Amino acid sequence: MALFDLRLQEVHNQLKKKELSVGDLVDASYSRIAATDASIQAFLTLNEEGARAAAAEFDGALTAGGELGLLFGLPAGIKDNIVTEGLLTTCASQFLRNYDPIYSATVVKKLKSAQTVTIGKLNMDEFAMGGSNENSSFYPTRNPWNTDYVPGGSSGGSAASVAAGQVYFSLGSDTGGSIRQPAAYCGIVGLKPTYGLVSRYGLVAFASSLDQIGPLTKNVEDSAYVLQAIAGYDANDSTSANVDIPDYVSALTGDVKGLRIGVPKEYLGQGIDPKVKEAVIAALKQFESLGATWEEVSLPHTEYAVATYYLLASSEASSNLARFDGVRYGVRAENPDNLLELYRKSRSQGFGSEVKRRIMLGTYALSSGYYDAYYLKAQKVRTLIKQDFDNVFKDFDLIIGPTAPTPAFRIGEQVGDPLTMYLNDICTIPVSLAGIPAISVPCGFADGLPIGLQIIGKAFDERTVLRAAHAFEQHTEHHKQRPQL
Amino acid sequence: MSITIKDVEHVANLARLELSEQEKEQFTSQLNAILKYAEKLDELQTDGVEPTSHVLPVHNVTREDVVRESVTNETALRNAPDEEDGQFKVPAVLE
């Protein structure tokens, strides 16, 4: 069994008994990267020197004895839109190709105090805009299950690196599905926490009212452990939720008896691949056999969610990305005649076409004369979409459906057609607009490509989401499958 | 509502983007397709519906007005494309 397939508790015990060192874990990570990343292209920057130094320090602590946290020594990958002091953070954009952050994100500091080892920075769609990793301005990440296929996105590098066994776990960010959809495409577990549960401080902002950081892991138990380490109020994030953080791991009881599951008919209707639907129905029957009940429900505004999302997220992006002006950081265009030209040329040379397209859409939606028709309208529809969930959650504990309407698609297949690409997020976007938690867990395969099951919960009820996901996982083998690389 | 190359040029100016002729044409057709899709929202009656800008009931958050540690001048300038005398340098704004 590969080292990273050992359960977290088992790795921990071996470290404590000194049968394993942090140096061994870090070696395993870099040798796997050396063997596989030429074809997967999950990493943008490696932190080999820093990781080796951390390993030496941690192994010293091991020798000295004392209490170890459960994440101690685990090799982690960090999505490249999460700032890491002293380690390049590019957002997969040419604009930030030399950006050397002067501080670390709160989640990075939290992982540091949990004593994980940062292996490197993971590839993504530029500024997290995209669902395939084809919008990385450096190179596209490939799906470990079939390298002709996309890994999903925007956290494609985060998902592919875990699926390929390059790191023990990774962090990603999710704005409209960017953790869940790549987790589904790569056959791993991806959790988007409730908006506000995990600090966004140091996450390069795309759409501030939607962005949320979360873990990508091989199983649900690891997801609970990592969430425990990164959740919590942060005064540096003005939208951080000041709530008590429960114990997530103790929620994993294996018991789902009496859980009431709503299954939105809109998530299994038109546009859903029959094999995806079949896998979701099989999963629901599994829940039934474990003592949960399920019935069809309706989220009637689902069909409006993608349009709502693209107007709101692009509007927020057009405002957030105004900071990239070539004055204080980033790549400045050469020899501008004046300040205005400096802005225009730096931005035009630094941003890729999807980023420009969204800035254009957002600027238009916010511009004089169109604000009410597009932006305000979308904000009102967001209320209706959120109410859909509130209504279902009056009678149900969880909502379950597919994570994505299809398995991964071929690289290049949807590049010329942004609208089709956007529709891949039809099942994840409504959840993001409502700000509620959801996890994607492996629930089958179609033609050798993984399928993800999405389990959606009430705001701040990650415990029930994790409990159901874990119980399902205990009775299936999908998450134990590994790609041949 | 359909947008023209002229609209695209106007919006690009607002967004401080300089687009090539090819980009202008491409964005005109792609933005038209996306906006046409967005018109779907007009099917919904939303009079009296409160807009949601944010899902959490949080309001302006302020901290105590006390001096805290801050980054040094040197650190703040670490990524500056151009600098002079401890300041970010840009082309002259006034002739």
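Keep in mind that this is a model prediction, so the values were computed, not measured.

Here we look at the overall build of chain A
The helix and strand tally for chain A stands at 15 helices and 11 strands. Relative to the globule expectation of 23 Å for 485 residues, the C-alpha radius of gyration of chain A, 21 Å, shows essentially globular dimensions. Split into buried and exposed, the 485 residues of chain A put 65% on the buried side. Counting only contacts in chain A whose residues sit at least 6 apart along the sequence, the fraction spanning at least 24 positions is 75%.

Remarks on the interface of chain B and chain A
On the chain A side, the residues contacting the 51 residues of chain B number 65 residues. Roughly 5,400 Å² is buried in total at the junction of chain B and chain A, and carbon and sulfur atoms are behind 68% of that figure. Where chain B meets chain A, there are 4 salt bridges. Here chain B is connected to chain A by 19 residue pairs in polar contact (both at pLDDT 80 or more).

Let's talk about the UniProt feature "domain: Amidase" (unreviewed entry) in chain A
Residues annotated by UniProt as "domain: Amidase" (unreviewed entry) correspond here to residues 24-466 of chain A. In residues 24-466 of chain A, the share of helix is 37% and the share of strand is 14%. The end C-alpha atoms are 30 Å apart.

Brief notes about the side chain of arginine 180 of chain A
Residue and element names in this part refer to chain A. By the element assignment, arginine 180 lies in helix H6 (residues 180-186). A polar side-chain atom of arginine 180 sits 3.2 Å from the main-chain carbonyl oxygen of threonine 428. When residues no more than four places from it in sequence are discounted, the contact partners of arginine 180 are Asp174, Gly190, Lys192, Thr403, Thr428, Val431, Ser432, Ala438, Ser440 and Gln454.

Considering the environment of glutamine 14 of chain A
All names here are of chain A. Structurally, glutamine 14 can be placed in helix H1 (residues 8-16). We classify glutamine 14 as buried; its relative accessible area is 16%. With near-sequence residues (within four places) excluded, glutamine 14 lies in contact with Leu6, Glu19 and Leu20.

What about the nonpolar core?
Residue and element names in this part refer to chain A. Core analysis: the biggest nonpolar cluster contains 168 residues, and Phe127, Leu171, Phe287, Phe389, Leu453 and Ile455 have the highest contact counts within it. Looking at this core, the element that brings in the most residues is helix H9 (residues 305-320), giving 9 residues. Those residues in contact with leucine 453 that lie beyond four places of it in its chain are Val280, Ala283, Phe287, Ile400, Gly401, Thr403, Ile439, Ser440, Val441, Cys443 and Phe472. By size, the runner-up hydrophobic cluster in this structure holds 9 residues, among which are Tyr149, Tyr185, Ala408 and Met421.

How each quantity is defined
Residues numbered from 1 in each chain as written. Chains lettered and ligands numbered in written order. Predicted model: local features only at pLDDT ≥ 70, side-chain atom pairs only at ≥ 80, totals over all residues. Heavy atoms only, no water. Helix = DSSP H or I, 4+ residues; strand = E, 2+ residues; numbered from the N terminus. Rg over C-alpha atoms; globule rule 2.2 N^0.38 Å. Buried < 20%, exposed > 50% of the residue type's maximum accessible area, 1.4 Å probe, protein only. Contact = heavy atoms within 4.5 Å. Buried area = accessible area lost by both parts, 1.4 Å probe. Salt bridge = Lys/Arg side-chain N within 4 Å of Asp/Glu carboxyl O. Polar contact = N/O pair within 3.5 Å; in protein donor to acceptor, adjacent residues only side chain to side chain. UniProt positions renumbered as here; feature names shortened; annotations may be inferred. Core = buried A, V, L, I, M, F, W, Y, C linked by side-chain atoms within 4.5 Å.

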